[in-house]
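Secondary and tertiary structure notes
Here is how the chains run, residue by residue.
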Amino acid sequence: MGVVLACVLVLPVVILLGWIASWWGTRRLRWIGLAVATAVSVVCAVIGQDAMGPRTDPHTLGCSSALECTDLRPVFVLASGLLGFVSCLVLAVLTLVVETVVRARRKASA
């Protein structure tokens, strides 16, 4: 189960690390990075959804249960994409709040 969780969390962790690193760059770089990460997350979710395929009957394939007959790799890609998308939304809101506070403090000190 640990490997599965690691596979699902790779994209959100990369997004978070990129977002943290972007604070040393320009404001534009931060927003472009979030936009690219959101697009990658949506693409992962769409690929995962499309790769799921039709449901299979366990008796046709000779499996004892439907779970044994199912390839779960597309589910992991879908989950990673959805989690990455939610991460991007949270980071976008957090970025807006932080930039608003920083801008307000600069105006107050000037």
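What this report covers is the structure whose coordinates are included nearby. (Residues numbered from 1 in each chain as written. Predicted model: local features only at pLDDT ≥ 70, side-chain atom pairs only at ≥ 80, totals over all residues. Heavy atoms only, no water.)

**Here's the deal with the overall build of the protein chain**
Scanning the protein chain from N- to C-terminus turns up five helices and zero strands. Listing every helix and strand of the protein chain by position from the N terminus yields α-α-α-α-α. Looking at the protein chain residue by residue over its 110 residues, the buried ones come to 23%. Here the protein chain has roughly 7,900 Å² of accessible surface; of this, 73% comes from carbon and sulfur atoms. (Helix = DSSP H or I, 4+ residues; strand = E, 2+ residues; numbered from the N terminus. Buried < 20%, exposed > 50% of the residue type's maximum accessible area, 1.4 Å probe, protein only. Areas by Shrake-Rupley, 256 points an atom, 1.4 Å probe, with all protein chains shown as cover.)

**Section: helix H5 (residues 73-109)**
Under the 1.5 Å per step criterion, the end-to-end length of H5 is 53 Å for 37 residues, consistent within 8% with the ideal 54 Å. Three or more residues of H5 are buried, namely Pro74, Leu78, Ser80, Gly81, Gly84, Ser87, Cys88, Leu91, Ala92, Thr95 and Glu99. (Expected span 1.5 Å × (residues − 1).)

**Some remarks on the side chain of Glu99**
When you line up the elements, Glu99 lands in helix H5. Glu99 gets classed as buried once you look at its relative accessible area, which sits at 9%.

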